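In case you want the letters, here they are:
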Amino acid sequence: MTRLLSTVLLLNLLLIAPLWWRFSDISSHLIAWEALVIAPLMLLLPRGRARLIVAVGLVSWVVLATATNLGTAATHMAFARPLNLYLDLPLMSAVYNLLEGNLGQFLAVCAMLAGAGLLLGIAAGLAWLLLPPASYVTKRIPRVVALALLVMATGGAALELNGMRLVDSARLPLVNITRFQWQQVTDTHAARREFIAQLEDAPMQAQALPGLEGHNVLLTFIESYGISALNDPRYADVLLPTLAEMQQRLEARNLHVVSGMLEAPIRGGQSWLAHATMLSGRWIDNQLWYRLMLDSGHSTLIDDFRATGQRTLAVMPAITMAWPEGEIYGFDEIAAANDIDYAGPALNWVTMPDQFTLDYTQKYLLGDSPVFVQQALISSHAPWTPILPVIEDWSLIEDGRIFAPWENAGAPPEVLWQDIERIRDHYAWSVDYAVKVTGRWAERVVDDKTLMIVLGDHQAAPLITGDNASAAVPVHIISADPALLAPFIARGFVPGTLPALEQAENAPRMSELRHWLQADFGEPIR
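Structure report, in brief.

The rules behind each value
Residues numbered from 1 in each chain as written. Predicted model: local features only at pLDDT ≥ 70, side-chain atom pairs only at ≥ 80, totals over all residues. Heavy atoms only, no water. Helix = DSSP H or I, 4+ residues; strand = E, 2+ residues; numbered from the N terminus. Buried < 20%, exposed > 50% of the residue type's maximum accessible area, 1.4 Å probe, protein only. Contact = heavy atoms within 4.5 Å. Pairing = 2+ DSSP bridges. Axes fitted to C-alpha atoms, helices over the stretch in contact; angles between N-to-C directions. Parallel < 35°, antiparallel > 145°, perpendicular 65-115°, else oblique. Nonpolar A, V, L, I, M, F, W, Y, C, P; charged D, E, K, R; others polar. Expected span 1.5 Å × (residues − 1). Bend = angle between axes of the 7 residues up to and from the residue. Salt bridge = Lys/Arg side-chain N within 4 Å of Asp/Glu carboxyl O.

This next bit is on the environment of Asn 12. Relative to the helices and strands, Asn 12 is located in helix H1 (residues 2-23). On the basis of relative accessibility, which here comes to 14%, the residue Asn 12 falls in the buried class. Asn 12 sits 23 residues away from Ala 35 along the chain, and the two C-alpha atoms are 5.1 Å apart. In contact with Asn 12, not counting residues within four places along its chain, are Leu 30, Ile 31, Ala 32 and Ala 35.

This part is about the pairing of strand E9 (residues 472-479). Regular strands show a simple pattern: their side chains alternate between the two faces of the sheet. Among the eight residues in E9, eight count as buried, and that is most of the element. Burial along E9 is two-sided: Ala 472, Pro 474, His 476 and Ile 478 facing one way and Val 473, Val 475, Ile 477 and Ser 479 facing the other are all buried. Pairing of strand E4 (residues 256-263) with E9 involves eight bridges; the strand directions are antiparallel. Note that in E9 the partner of Leu 262 across the bridge is Val 473.

With that settled, the discussion passes to the packing of helix H10 (residues 233-252) against helix H17 (residues 420-445). It is the contact of H10 with H17, at a shortest axis distance of 9 Å, that shows an interaxial angle of 5°. Our classification of the angle between H10 and H17 gives roughly parallel. From H10, Arg 234, Tyr 235, Val 238, Leu 239, Thr 242, Leu 243, Glu 245, Met 246, Arg 249 and Leu 250 reach across to H17, where they touch Arg 424, Tyr 427, Ala 428, Trp 429, Val 431, Asp 432, Val 435, Lys 436, Gly 439, Arg 440, Ala 442 and Glu 443. For the contact of H10 with H17, the residue count by class is 12 nonpolar, two polar and eight charged.

Our next topic: H1. The α-helix advances 3.6 residues per turn, and as a result positions three or four apart in sequence lie on the same side. An ideal rise of 1.5 Å per residue puts 32 Å on 22 residues; H1 measures up with 31 Å between its terminal C-alpha atoms. The largest bend in H1 is about 30°, located at Ile 16, with the proline Pro 18 one to four residues further on. Buried within H1 are the following residues: Arg 3, Leu 4, Thr 7, Val 8, Leu 11, Asn 12, Leu 14, Leu 15, Ile 16, Pro 18 and Leu 19.

A few words now on the pairing of strand E3 (residues 216-222). The buried fraction of E3 amounts to seven of the seven residues, a majority that puts the element mostly inside the structure. A two-sided burial pattern is seen for E3, the buried positions comprising Asn 216, Leu 218, Thr 220 and Ile 222 on one face and Val 217, Leu 219 and Phe 221 on the other. In terms of strand pairing, E3 meets strand E8 (residues 450-456) through seven bridges, oriented parallel. Counterpart to Val 217 in the pairing with E8 is Leu 451. The pairing of E3 with strand E7 (residues 371-376) spans five bridges and is classified as parallel. Bridging from a neighbouring strand, Phe 221 pairs with Ala 376 of E7.

Pairing of side chains with opposite charge becomes possible as their charged atoms draw close. Summed over the entire model, instances satisfying the criterion amount to 16 salt bridges. Across the pair Glu 443 and Arg 249 runs a salt bridge whose closest N-O atoms are separated by 2.6 Å. Of this pair, Glu 443 sits in helix H17 while Arg 249 sits in helix H10, and the two are 194 residues apart along the sequence. Residue Glu 333 is joined to Arg 311 by a salt bridge in which the shortest nitrogen-to-oxygen separation is 3.3 Å. Here Glu 333 is found in strand E6 (residues 333-336), whereas its partner Arg 311 is found in strand E5 (residues 311-316), with 22 residues between them in sequence. Residue classification places Glu 333 among the partly exposed residues on the basis of a relative accessible area of 31%.

As structure tokens, then:
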């Protein structure tokens, strides 16, 4: 009897606990019908090869389903969406790289090994519970109880499967996650075929943009700069004064700015999907679509600007390994982390501060001929520590050694991330820094032959924004030539650095920007 109860309780806890994390609600998730079926079933099955096969199958199912439920909870927390095994398994290497950047190689390896060890331990523990030793004898009363429990639980599970909930707090976590993932596999496979057909049947042609001929076009992504930074009071109190100051400083230099919003394809991470969406004019919200788009030879803004006569440049300080995608895009020049002569310290995940990246780009990369630049800033990437000041005298930046005092400044990530309110404060401060230095840089590089497009790549994780935040990101268009901004005003952008926040839920998709540029600058600006 004790073994039966122990198996039921432990198996139930294993199946239900990931739902507590996912839904932050214990009272509605107390019973897993599968635990009440599996435990008595294994106790009643006669010893032999058949029971061993059933046990191996059930243990494998429970372990995989539990790992998937944990992955779903983590994916919701990070990206505000469920785990999709069809799409997300290839991203395990990216998870390791993120851990390595935040914790260091040793702790990252330990974390991955600990996760694998935990799953193996769970499998071994389940096998021990479900397969009692040969010396264990099941007495008559426990067998009767096990049979009654099996019948009752099977009936409850059957009713639940048919939409009739016998017990309000009972669920089918094993069955539900299995059905959900299978449905995602079939739906995603069908969507894959449809997306391939779209790429083949309705390709976007490269198009010269005469309205931007002879201009520098500076496409600048600010990491995790979502609309919540402006419309959530926790962060707006920090960011709104910075935007107001930015507008004043730009106007003092006879620079014009208009602002709007675009809906990002992702939240919390995977910035390269936002970059791909912007460049391609396609909605790229998962890794598979990204690979299909690249492999198809689909044209991008890079081709548009090459046809217009600009040199094309990617400034990617977060890229520390080989980046074959950059070559597929066809940039004339790629400045990844190892190509940028930075002599200062790395700051946790951040390879170099944004102010250094921008200064280096101006000094060594922009050149004298018209250029299209995509640059992805990274100082506002998690873990949001340390927080740097803006160096007002840019001549002091030089090779970046000036940033050495901040190498060990502030709380380390493992300390900061124990306090959710401190995390949120640091998020606001790091985005504020990135916006400030970007605005200061605009003062230095923008003229009447420059169109600068500044935007967030995506919202931060739900940990920062909450579960129901808009996917919109702010967009600021800057130039000394008001004629270059007129098409954006016609599309709903407003003068100044503050977009019309009340329109966040109706923001156009980020993929629209390429279409706008082709439509609005396909002829010379008069």
